Amino acid sequence: MNARGLTARTLALASLVLLPAQLVAQPAAQGGRVAALTGVETRGLSFQSGLGIKSVTEVAVPFGVVWTASPRLSFDLGGRYATANRTDSSGSTSISGLTDIQARGVYQLVRDIAVFTVAATLPTGKTKLTAAQLPVAGVIASDLLPFPVANFGSGFNVTTGLALAVPVGGWAIGVAGSYRQNGSYTPLADTSLSYKAGGEFRVRAGADRIVGQSRISLGFTYSTFGEDDFGSSPIFQSGRRYIGQASWSFPIGNLGLVLYAWDLYRASGTVPISGSMTEKRNVLALGGLASVQVGRNMLRPQIEYRVHSIGVSQLSNAGRLFSLGALLQMPLGDRFTLLPVARFDAGNVVNPTSGSAVSFTGWDLGVSLRMGT
Amino acid sequence: MTPLLRGSSVLRFTLVLAAGACATGGAIRVSDVTPESIPSLEAERSQRPQDAGILARLGVAYFKAERYGDARPVLDSAVAGDPRNGAAAIYLGMTAEQLGDFAAARTAYQHYIDIATDPDLTATARQRLALVDRRQLEYQARQALANEATLAAMPPESNTVAVMPFMFRGTNPDLQALGRGFAQLLVTDLAKSRQVRVLERERMQAMLDEMKLGDSAIATPASAVRSGHLLQAARVVQGALGELPGDQVRVDAALVDVGTAAVQPPAQGTSPLDQLFDLEKQIAFAVFTNLGIQLSPAEQEAINQRPTQNLQAFLAYSRGLVEQDRGDYAAAQADFNQAATLDPNFRAASQSAATASELSAATQQPVSQVETAVSQSSTFGAPSPVPVASAQAAIENGLQSVAPPSTALPTGSTASTPTPTTTRNTTSEATQTEGPAPPTGTVVITIKRPS
């Protein structure tokens, strides 16, 4: 580890240990509201034979603090400590450690009209992976299979963003743009060469409208990237990404329902040296979630179906995921809320070599404790 | 059991759980919202800050925690966001009452009465409304006295007239209350002209009560000038009603100019007691003349109307005014009822009896007791789980995916639907190792130490 990385990590760890306690101890009368969260998240997937992988598990301990300093200014900071384990016929391999920590400041330049954000990712995460650990990192990075921690670390970066709201007719239109500048990090344990991802420019447009008792929400996000360097040489140009989202919220009695869909399309990337193209990818998700008050508690069941497609020239089926679960929001006393969550997954992943679909089942259990106001 | 069958078991369990939750059905009882609800409601508000239902419940929770300062703006927003939310309106009234903002309490209670469907709670709101009217008069009087120096330097409102209670000069205790009744008749008649603004008798009485003047001091022109400044009235009617031998009464009504302290020659009249109402009309017209007001025929006709011709009913009504001014609303109600019984057409008496009844009930019930009753008998109605479209929603929509929060605090809010991971996973992407499937692509990028 170089000196810069050590200093940054030490600072981040110090802030992790000290900051939440200080903030939580701060009385609201001093002008701010503080909320903090921690808990345990567990995730497991078991695969039938045909992929060379038997199971994946992940246990994560999230931590987060949100400090609303004033009606216009708020800060949040968060990360996780996690262990991911991949088991195949040759045994188990794991990655354990802290993830990168993100700290973000949000300032309303013009209240409810213009918001400026600055986010910095502190390089506290585990980035140096052995060749054996790469498949572990890969499986949790899947677009199809959501894991609490999908990425242990990718170095320091800073993102600045500006969001604007404009009423247009009956619509509330939000537009936003951001730029992310990445620092370099050492991705592999057997080399000291550093990897520096290209900068990312991202724009998003969102629109909300009330129609009768329901709300329609639409969103579109576009990202484009600069070239990645490895050891100061250009090595990879990530493909552009497009995300479309739509949701419809409506009440039925005291039940709040949301039907939603989103689609993430990742265009092919290119390798500058050879000019060859990487696979393009697409994930389509359709889902619904509900919220219902049960005494003092709020139950939020959710159902989702995902379709994953991959291909170089044409997209073809790469897997399916069906999820069903529920979150319960349970107030405890004056300042605490307990949030247990349980989810069941079933689906399949297509082995691109054999073309056969390999089934899997999975589960997600967790409990979080939210503190403060 | 196959994984799929195991999955269906979990599915059945979850559906049963969800169905059970739905079966609790309907509206949320106000009594279910407690101070312990505050953290979760604040979390919900942070996700859906415009949701009037959440704001109403949070405001009620703050009220129950006696955090009236926090409850006020939240309930204000709740009522503004959903004017049909009765629970929010009545709790806003109680909150404003606890904070001493009687004007806001009045507005909130009146709003509740306008929209309410529950007859018991409507009656409760009417009682609070009557009481806050009274409290507001007292508060305004105290404020005026606290700012007396400033008010004395300010010019009074030019066309505003106040009427002081008429002093009774006599020995018959049965007639003692006529001074209040006569002042009320005069106020009623003066108010029938649109050319003058007449302050309510209760407003003058509240001021005199705060000034703590004795009867002899009240009768002086100096007191009229002072009370006029405090009430910002340009003219004050000050007078006396005297008992004369032979069941005769004499009335003197002077008009005091508050700005100059000048006292115009009093309007005077004498009549048999049973013709008191005719005498009052005579005095009223004389006061109009002294005010320099030329009455229209319609105004003259309106003023000539008698609220009652029954002297005994009017005496009972006058006694009710005295009891009301003392704060004995039960006794006042009895006197007003007696007046209304003696003359069923005496509408002022029956209206005053209703108000005294409300005040009597309201003064016997502190806000805390009222809140208990309201909490137990009212609901929020079905909560609206749909967030409103707003600039803030649009901002959140815009920020989503562009600069997402550091911590995905799982509030479970329906305001934000699930979103895909938007951040590149550079190592896995560059090494083409994403996902559980083995890499096959036509390209595998090798990032390893050059040989």
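Residues numbered from 1 in each chain as written. Chains lettered and ligands numbered in written order. Predicted model: local features only at pLDDT ≥ 70, side-chain atom pairs only at ≥ 80, totals over all residues.

**Q** Which parts of the structure should I look at to understand the overall build of chain B?
**A** From N to C terminus, chain B includes 20 helices and six strands. Counting over 451 residues, chain B shows a buried share of 48%. A sequence separation of at least 24 residues applies to 62% of the contacts in chain B between residues at least 6 apart. (Helix = DSSP H or I, 4+ residues; strand = E, 2+ residues; numbered from the N terminus. Buried ≥ 20, exposed ≤ 12 C-beta atoms within 10 Å, placed from the backbone. Contact = placed C-beta atoms within 7 Å.)

**Q** Any chance you could explain helix α17 (residues 347–363) of chain B here in plain terms?
**A** For an α-helix the count is 3.6 residues per turn, leaving residues at separations of three or four pointing the same way. Between its terminal C-alpha atoms α17 of chain B stretches 24 Å, which fits the 24 Å expected from 17 residues at 1.5 Å a residue. All buried positions along α17 of chain B are accounted for by Ala 349, Ser 352, Ala 353, Thr 355, Ala 356, Ser 357, Glu 358, Leu 359, Ala 361 and Ala 362 of chain B. (Expected span 1.5 Å × (residues − 1).)

**Q** Help me out: how do you make sense of unusual backbone geometry in this one?
**A** Glycine aside, a negative phi is what most residues show, and trans is what most peptide bonds show. Residue and element names in this part refer to chain B. In this model, Glu 66 sits at a positive phi of 60°, which is unusual for a non-glycine residue. Within the secondary structure layout, Glu 66 lies in the loop between α3 (52–64) and α4 (68–81). Taking the number of C-beta atoms within 10 Å as the measure of exposure, Glu 66 has 12 and is therefore exposed. Phi at Asp 247 is positive, roughly 55°, even though this residue is not glycine. Among the structural elements, Asp 247 can be located in the loop between β4 (233–244) and β5 (248–257).

**Q** Looking at this structure, I do not really get the environment of Val 350 of chain A. What am I missing?
**A** Residue position: Val 350 of chain A is located in strand β22 (residues 336–350). The exposure class of Val 350 of chain A is buried, given the 21 C-beta atoms found within 10 Å. For the pair Val 350 of chain A and Asn 317 of chain A, spaced 33 residues apart in sequence, the C-alpha to C-alpha distance is 7.2 Å. Aside from chain neighbours lying at most four places away, what touches Val 350 of chain A is Asn 317, Ala 318, Gly 319, Gly 355 and Ala 357 of chain A together with Ala 437 of chain B.

**Q** Got a minute to help me understand the packing of helix α9 (residues 178–190) of chain B against helix α13 (residues 276–291) of chain B in this structure?
**A** Packed helices, taken two at a time, are described by their axes: the angle between them and the distance between them. All names here are of chain B. Packing of α9 against α13 leaves a shortest axis separation of 10 Å and a crossing angle of 50°. Considering their axes alone, α9 and α13 lie oblique with respect to each other. Handedness of the crossing formed by α9 with α13: right-handed. Touching Phe 182, Leu 185, Leu 186, Asp 189 and Leu 190 of α9 are Glu 280, Ile 283, Ala 284 and Val 287, all from α13. Of the residues contributing to the contact of α9 with α13, the split by class is seven nonpolar, no polar and two charged. (Axes fitted to C-alpha atoms, helices over the stretch in contact; angles between N-to-C directions. Parallel < 35°, antiparallel > 145°, perpendicular 65-115°, else oblique. Left-handed = near helix turned anticlockwise from the far one by under 90°. Nonpolar A, V, L, I, M, F, W, Y, C, P; charged D, E, K, R; others polar.)

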